[in-house]
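Examining the three-dimensional arrangement
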Amino acid sequence: MNHKTLDRTAISEEFLRLYTRDQFRIAGFVRALIADPADAGDVIQETSLALFRSFHQYERNRDFTNWAFGIARHQVLKHWRLKRRDKLVFSEALIDDLADEAIAMLSTDQDRFQALRECIGRLTARQRDLIKDFYGNGVTAATVAEQWNCSVHVVYNALRSVRKTLQRCIDGRSLET
Amino acid sequence: MNDELCRLADGYLEGNLGEEETLRLQNWLQSDPDIKRQFVAHLVLHGQLGVIAEELRTVHVKAAQEDSPLDIAFQRKKDWSRSIRIASAVAIAASVFAIVFSLYPTGRALHVQSETDYESASIPIRTVGFYLPDGSSSRARPVAAGSNASSKESAIFSTASRAKVQLAPGTLFGFADDAFGLLYRGSVDVSIDDPADHYAIEVGNRRIISHGAPFTLTTLDAERTQLTVHDGSVDIQTRLLQPRLYWPFDGHRDSLPIVPFGQALRVPGMIGSGAVQVDGKRGSRFEIVGGTGDTVSSGAFAFSGAITIECVISSTWDGSKNNQDPIFRKEDGPNRILLGFQNDDNDFEIPTIPEGPVLSFGIFLQSSGYSELDMPLDGEEGRPTVAQIADGKPHHIAATYDSFTGVKSIAVDGLVLYSYRFPVGQCIQSGGPRAASIGGWRNRESFSGTIDELAFYDYALTAEQIAMHAQLAAKGIRWIQPRASSESGWVTSRTVTHGEVIVLRDSTTSHVTHIQRTERGAYNLVSTSHNPLLDPVSRGTFAAFGPNPRRSITDYNAARYEPFLTNGTTSRCLRTPESDCQHTDVPTTVALSETSAI
C-alpha cells in the first residue's frame, strides 16, 4: 500500500471517528431547524456526505464540531433557499439567526443533554412511552392514537404537554445550576 | 415561554401554521431576542428528544475486540461499565441518526411515492457520447452509459472523450463509459483525434487501450479476438483480478468509510480481525460514506460489463414472510444493486419461481430492466434450506453477472447453485446519488447476523475462483489483496506497434510460465519459456526458466496469485528408456499471461 493510500485511509478513519462522535449533535441541529422529518433526513444525509467530501479541507487546528456545524448550517440554509417560494417559510435572515442560536446552544449542550435525560426520567410511564414510540420507534401520532383509543389531536396535545413539561424542567435545572 | 409562543412553536414543528401565523411568529422572533432564544431552545428540544428517546430502549452492546475507530473508547480505559455506557451512547446516537435519516426516505432529487414504496423513480443516466447510424449526423442520438448497440448497418459512436468508434454491420457493442466500450461480437475501428485523450475496449479480462493510435478489433470466435494496429502503438492490458471495492472491516483497509446506524456493531471477524454485525431490528445497518455519483453510471458502484459481490456471512434469518435481510443494498431508483435474503412476492424475479424464502441478487440490465435472481432456499438440487444457510455459521456467498456470457449466478460455499442466462451484451446500469448500505436498508430492512469480507469486483469470478475463495474462507484465510487506490485495475502485458496483427485468446497458455501445486498446498513457479510471468502483486517479474522451481508461494500468497491462474496443458519432456525425450501434454495450472502472435 503506498503512502497516498495510507494517508487516505488515515483520513477516512479520522473522519469516521470525529463524525461518529458528533453525528447526534449534527442530526439534532438539522432536525431542530427543519421540522419536517423527511426533509431533515435528506439534509442530514446531504450534510454527512458534504462533510466527508470536504474533510480534506478541514484544518486540524480547528474544532471539528464547529466546522461540522458550519457545513450543516450551510446545508440547512440551502434547503430553505429551495423552499423560498413557500409562504410558510421564515425569511433567510431569520433562519440564519436561528441557526446561529442553535449552534451556540448545541455547542455547549452536554449539561443540557444530561438535564433532558433526567427530566425524562421524571415523566410518567405513559409519557415516556409516548416519547419512546413517537421519537424512538418512529410510530406516527395516528398509530399512537389507535393504541390509546383516542383522537390524533389528543396525542398531539399530549406531545405538546410533554415537551412543555420538559422545557420547564430543563430551564428549572439551568436556573438551579 | 408563554402559551401563545408555545402554541405557535408547536404548530411550526408540526407544520400546522398558516401563512398569517407564520408571519406573526417571524415578526415576534425578529423583534424580541429573548423570545427567539426560547423558541430555539424549543426547537433544539425537539431535535434532541429523538436521541433521548432511544435511551429508553434496551440496548445490548457487544464490545468489539479490534482497533476500530468506533471502539477507541473501549480501549482508553478498562472501565467496562463506562465503556459500555459510551458505546451505548454511540449506538444510540447512531440509532437516532438512522431514524431521522431513514424514517422518511424522500429526497429532493428523487421522488418517493410513499413511505411504504421502494424507490422507483428514474434517475438520469450519464451520457457518454452520440450514436450516428450509418455515420449520419442528422440521425445522431445521445447514448447513455451502459447501453448497447446491435447494429445491422455500420454506425459511428462519437464519444464524449473525442474518440470515434466505427461499428461494422453485425457488431454488438456496449457503451460502458465515455472512455471505454465492450466488444461482444463483430468489428470496430477506433480512432482518436487528440493524443491527449484515450479510449479502451474491453474483451473479457483483456483490454486494448490507445492513446491516439488507430486500431481495429475483430472477434474471430468465442475465445479469440484479432487486434490490428494501423499507426503508433496500443497497449494490451490484463485485468488485475482484485476487487474494485473491498471491506475487510478490520478498521483500516475499507475502501470507503462506513457509519453505524442503530444496533450495528463492529465485532471480531470471521476472516481477519473485524466484521460487522447487525441485529435485525429496523434501522440497524452500516451506511457507506461516499462512493456516490451525480447520475446513474457514475460513482464507485457504477458497474458495466460485469459484477461480482462476494462476502462471508453468518445469519440467523428466520425466513418468515415479508422479512427481508439485505446484505448489501444501494437504491438508485430501479438501478439498484441488491444482495440479501428475501421472502416477498418475488416481484422482480427472473426466472420466475414460486413464492418463498430466497437468496436474492438484483441488478439493472440495460434491456431487461431491474430483475432479481432469486435462488429458492428449498433444499432442492443442492440448494440450501433457510435452516441450513441461516444456521449462524459462516457461509461464503458470491453473486456474479457477466455480460460477455449473459450468465447471472449465485454461489454458496464455493458451489454455483443457481444461475440464469440473459442474452449476451446486456450491460449493467448501476451507481448514482444514493448512499449504499451494508446489512440493512433505511428503517425497513435489517440483516440478522454478521457480514465479513464484502467485496465488489468489476468482473465475474469464475466457478473455480469462487470455489477456491470459499475453501480459503472456510480455513479463515484471507484471499483478497486489495487494489491500491492508484491502480486502475489493469496492467499492461504487451505493447503492440504499427503493422502488428495479434490474436488475443481468452486464457492463453502459449507462453508456459506455469505453476505447480505442491503436496503441501503451496505453489511452485516453474518457468518454461523466456517470457517471464508478471508478478501481479509486486509488478516485478519472476526469473525465467530453470530445472528446479525458482520460487515457492506460501498458502497466503497462493491466495494472492490464485486469481491469475487457470487450468491448461503444458508440454513436458518425459524421458523413457526408449527415448531421450517424449513430449507429452500434462494438465497444469498456468498463469494467465500473454498473447500469441499469428
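Details of the structure are given in the entry above.
Overview of the sheet that holds strand S15 (residues 258–261) of chain B
All names here are of chain B. What the seven strands build is an open sheet, ordered S15-S18-S27-S20-S21-S22-S23; its pairing is antiparallel. Taken across any chain shown, the strands that pair with only one partner, and hence form the sheet edges, are S15 and strand S23 (369–376). Direction aside, neighbouring strands of the sheet carry axes that sit 25 degrees apart on average. As defined by bridge partners, S15 adjoins strand S18 (residues 285–288) across four bridges and the pair is classed as antiparallel. When the sheet's bridge partners are listed, Ile-258 is paired in S18 with Ile-288.

Description of unusual backbone geometry
Residues and elements named next belong to chain B. Cis geometry is adopted by the peptide bond preceding Pro-351, which originates at Ile-350 and carries an omega value of 0 degrees. Even without glycine at this site, Asn-322 takes up a positive phi of about 65 degrees. For Asn-322, the position within the fold is in the loop between strand S19 (306–315) and strand S20 (325–330). Owing to a relative accessible area of 55%, Asn-322 belongs among the exposed residues under this scheme.

Focus: the state of the cysteines
Residues and elements named next belong to chain A. Summed over the entire model, instances satisfying the criterion amount to one disulfide over all chains. One disulfide bridge connects Cys-119 with Cys-169, the sulfur atoms lying 2.0 Å from each other. As the torsion about the S-S bond is roughly -85 degrees, the Cys-119-Cys-169 disulfide counts as left-handed. With Cys-119 in helix H5 (residues 110–121) and Cys-169 in helix H8 (residues 152–176), this residue pair connects regions lying 50 residues apart in the sequence. Each member of the pair, Cys-119 as well as Cys-169, is classed as buried.

Looking at the packing of aromatic side chains
The full count for this structure, using the stated rule, is 26 aromatic pairs over all chains. Their ring planes at 65 degrees and their centres at 6.1 Å tell us that A:Phe55 and A:Trp67 sit as a pair that is edge-to-face. Residue A:Phe55 is found in the loop between helix H2 (37–53) and helix H3 (64–82), and its partner A:Trp67 is found in helix H3; the two are separated by 12 residues along the sequence. Both residues of the pair, A:Phe55 and A:Trp67, belong to the buried class. Ring centres 5.1 Å apart and planes at 45 degrees place the aromatic pair A:Tyr58 and A:Trp67 in the tilted group. Like A:Tyr58, the residue A:Trp67 is buried in the burial classification. Aromatic rings pair up to connect B:Trp247, B:Phe301, B:Phe303, B:Phe328 and B:Phe456 into one cluster. The ring of B:Trp441 has B:Arg329 lying over it, and the distance from NZ or CZ to the ring centre is 4.6 Å. The ring of B:Phe348 has B:Arg336 sitting right over it, with the charged end atom 5.7 Å from the ring centre.

Quick look at the packing of helix H1 (residues 3–13) of chain B against helix H2 (residues 19–31) of chain B
Two quantities define a packed helix pair, namely the angle between the axes and the distance from one axis to the other. Residues and elements named next belong to chain B. Contact pair H1 / H2: the axes reach a minimum separation of 11 Å and the direction vectors enclose 120 degrees. Taken as axis vectors, H1 and H2 run oblique relative to one another. Taken as a pair, H1 and H2 cross one another with a handedness that is left-handed. Of H2, the residues touching H1 (which contributes Glu-4, Leu-5, Arg-7, Leu-8 and Tyr-12) are Glu-21, Arg-24, Leu-25 and Trp-28.

Quick word on the pattern of salt bridges
Within this structure, the stated rule accounts for 17 salt bridges over all chains. A:Arg73 is paired through a salt bridge with A:Asp100; the nearest N and O atoms lie 3.0 Å apart. Pair noted here: A:Arg73 is in helix H3 and A:Asp100 is in helix H4 (residues 92–107), with a separation of 27 residues, a long-range link. By relative accessible area, A:Arg73 is classed as partly exposed at 21%. Where B:Arg126 meets B:Asp177, a salt bridge forms, and the shortest distance between an N and an O atom there is 2.8 Å. With B:Arg126 in the loop between helix H5 (80–102) and strand S1 (127–133) and B:Asp177 in the loop between strand S6 (171–175) and strand S7 (180–185), the pair connects residues that are 51 residues apart, well separated along the chain. Taken together, the shared-partner salt bridges in this structure form one network comprising B:Arg329, B:Glu331, B:Arg336 and B:Glu445.

Analysis parameters
- Residues numbered from 1 in each chain as written.
- Chains lettered and ligands numbered in written order.
- Predicted model: local features only at pLDDT ≥ 70, side-chain atom pairs only at ≥ 80, totals over all residues.
- Heavy atoms only, no water.
- Pairing = 2+ DSSP bridges.
- Helix = DSSP H or I, 4+ residues; strand = E, 2+ residues; numbered from the N terminus.
- Axes fitted to C-alpha atoms, helices over the stretch in contact; angles between N-to-C directions.
- Buried < 20%, exposed > 50% of the residue type's maximum accessible area, 1.4 Å probe, protein only.
- Disulfide = S-S within 2.5 Å.
- Phe/Tyr/Trp six-rings, centres within 6.5 Å; stacked < 30°, edge-to-face > 60°.
- Lys NZ or Arg CZ within 6 Å of the ring centre and 35° of its normal.
- Parallel < 35°, antiparallel > 145°, perpendicular 65-115°, else oblique.
- Left-handed = near helix turned anticlockwise from the far one by under 90°.
- Contact = heavy atoms within 4.5 Å.
- Salt bridge = Lys/Arg side-chain N within 4 Å of Asp/Glu carboxyl O.

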